[in-house]
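Letter by letter, the chains look like this.
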Amino acid sequence: AQTVTQSQPEMSVQEAETVTLSCTYDTSENNYYLFWYKQPPSRQMILVIRQEAYKQQNATENRFSVNFQKAAKSFSLKISDSQLGDTAMYFCAFIPNTDKLIFGTGTRLQVFP
Amino acid sequence: ETGVTQTPRHLVMGMTNKKSLKCEQHLGHNAMYWYKQSAKKPLELMFVYNFKEQTENNSVPSRFSPECPNSSHLFLHLHTLQPEDSALYLCASSQAPAASGGTNNEQFFGPGTRLTVL
């Protein structure tokens, strides 16, 4: 079965600090795409960062970066210099070679001033 | 309007009612999706439409009936729902189908419809 596991239901971090959200997944595919989505309290889900499995270089988008370990099937998200606006649910997801985007259960991140 | 819009944003219905959820995307995309989001559970993909054709029905009960009249509009018709169907229903779209690869498979989500079944 193709699954995504986010083992941290809730995390908190102080403003300006760094936090890492963990994600592991299970698939027998060799080529796939990995994503982190952010869902703020207003509910609109937006893409934070994406990674192609065939690329060894970790993706980076401003303060957001990933640590992609293909052999370990691990895809963690690091948020540097956390801001109050980063408070949201974060979902890890991946697309194996199908039309399905498979999500984890999410991590609720609270950034404190 | 831009992006993906959904109406209504909130809906309360009885088990014998018939209602419809509407999704519209203004991005020129060719694929559209319905997801169900329940508390403490992963988002569940319900239906996928590529170029107006349904390509995925993820074992969804027949009390949920999708309709895609064109590549910009997607409906979810609801009838004789159960209280356990209460959830946030999210619509999404992508330029290309999810499995096509490249940057065109990024999914853009609407704000969702919060459905409560009494």
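Since the structure is predicted, the reported quantities are computational estimates derived from the model, not experimental observations.

Points about the interface of chain B and chain A
For step 1, the next point in the chain: Of the residues lining the interface, 30 residues belong to chain B; the matching set on chain A comes to 20 residues.
For step 2, the next point in the chain: Interface area for chain B against chain A, summed over the two sides, is near 1900 Å², with a carbon-plus-sulfur share of 52%.
For step 3, the next point in the chain: For the pair chain B and chain A, the interface holds 0 salt bridges.
For step 4, the next point in the chain: Taken together, the connections running from chain B to chain A amount to 3 residue pairs in polar contact (both at pLDDT 80 or more).
For step 5, the next point in the chain: Only strand E4 (31–37), strand E5 (44–50), strand E6 (53–57) and strand E9 (87–94) of chain B provide two or more residues apiece to the side of chain B that touches chain A.

Some details on the sheet that holds strand E8 (residues 73–79) of chain B
Residue and element names in this part refer to chain B.
For step 1, the next point in the chain: If you walk across this open sheet you meet the 4 strands as E1-E3-E8-E7, and the pairing is antiparallel. Strand pairing shows two members of the sheet lacking a second neighbour, strand E1 (4–7) and strand E7 (64–70), which therefore form its edges. Neighbour-to-neighbour, the strand axes of this sheet turn through a mean angle of 20°, independent of strand direction.
For step 2, the next point in the chain: Pairing of E1 with strand E3 (residues 18–25) involves 4 bridges; the strand directions are antiparallel. Among the inter-strand pairings, Val4 is bridged to a residue of E3, identified as Gln25.

Some words on the state of the cysteines
Residues and elements named next belong to chain B.
For step 1, the next point in the chain: This model, assessed by the stated rule, comprises 2 disulfides over all chains.
For step 2, the next point in the chain: Residue pairing for Cys23: its cysteine sulfur links by disulfide to Cys91, the two sulfurs lying 1.9 Å apart. Taking the torsion about the sulfur-sulfur bond, which here is approximately -70°, the covalent link between Cys23 and Cys91 counts as left-handed. Remark: Cys91 occurs in strand E9 and Cys23 occurs in strand E3; sequence separation between them is 68 residues.
For step 3, the next point in the chain: Residue Cys91 is classed as buried on the basis of its relative accessible area, which comes to 0%.

Side note on the environment of Asp81(A)
Residue and element names in this part refer to chain A.
For step 1, the next point in the chain: Mapped onto the secondary structure, Asp81 falls in the loop between strand E9 (74–79) and strand E10 (88–95).
For step 2, the next point in the chain: C-alpha of Asp81 to C-alpha of Val19: the two residues are 62 residues apart in sequence and 8.7 Å apart in space.
For step 3, the next point in the chain: Not counting chain neighbours up to four residues away, the residues in contact with Asp81 comprise Ala16, Glu17, Thr18 and Arg63.

What to know about the pairing of E5(B)
Along any regular strand the residues' side chains alternate between the sheet's two faces.
All names here are of chain B.
For step 1, the next point in the chain: Counted residue by residue, E5 has 6 buried out of 7 residues, so it is predominantly covered.
For step 2, the next point in the chain: Pairing between E4 and E5: 6 bridges, direction antiparallel. The partner of Met32 across the bridge, within E5, is Tyr49.
For step 3, the next point in the chain: Counted along the chain from E4 to the antiparallel partner E5, the turn is 6 residues long, and its residue Lys40 has a positive phi close to 60°.
For step 4, the next point in the chain: In this sheet, E6 lies alongside E5 in antiparallel orientation, the contact comprising 4 bridges. Pairing of Tyr49 across the sheet is with Gln54, part of E6.
For step 5, the next point in the chain: Hairpin geometry of E5 and E6 is characterised by an intervening segment of 2 residues between the two adjacent antiparallel strands and by a positive phi of about 50° at Phe51.

Cut-offs applied
The numbers attached to residues start from 1 for each chain and follow its sequence in the written order. As they are written, the chains are lettered A onward and the ligands numbered 1 onward, keeping that order. Note on the predicted model: pLDDT of at least 70 is required for a residue's local features to be given, and 80 or more for side-chain atom pairs to be given and counted; whole-chain, interface and lining totals, by contrast, use all residues. Where side-chain values are given, they derive from all heavy atoms of the structure, hydrogens and water being excluded. The contact criterion used throughout is that any non-hydrogen atoms of two residues lie within 4.5 Å. Two parts placed together each lose some accessible area under a 1.4 Å probe, and adding up what both lose gives the buried area. Each salt bridge in this description consists of a side-chain nitrogen of Lys or Arg and a carboxyl oxygen of Asp or Glu lying within 4 Å of one another. Under the rule applied, a polar contact is a pair of N or O atoms within 3.5 Å (in protein, one hydrogen donor and one hydrogen acceptor; residues adjacent in sequence only if both atoms are side-chain atoms). Under the DSSP-based scheme used, a helix requires at least four consecutive residues in state H or I and a strand at least two consecutive residues in state E, with every element numbered from the N terminus. Strands qualify as paired when DSSP identifies two bridges or more between them. Axes, fitted as lines to C-alpha atoms, cover a helix only where it is in contact. Angles between the N-to-C directions of the axes lie from 0 to 180 degrees. The disulfide criterion used throughout: a pair of cysteine sulfur atoms within 2.5 Å. Residue burial is assigned from relative accessible area. The probe radius is 1.4 Å, only protein chains are included, and a residue is buried under 20% of its type maximum, exposed over 50%, and partly exposed in between.

Note that every value here comes from positions in space, so none of it alone points to a role or purpose.
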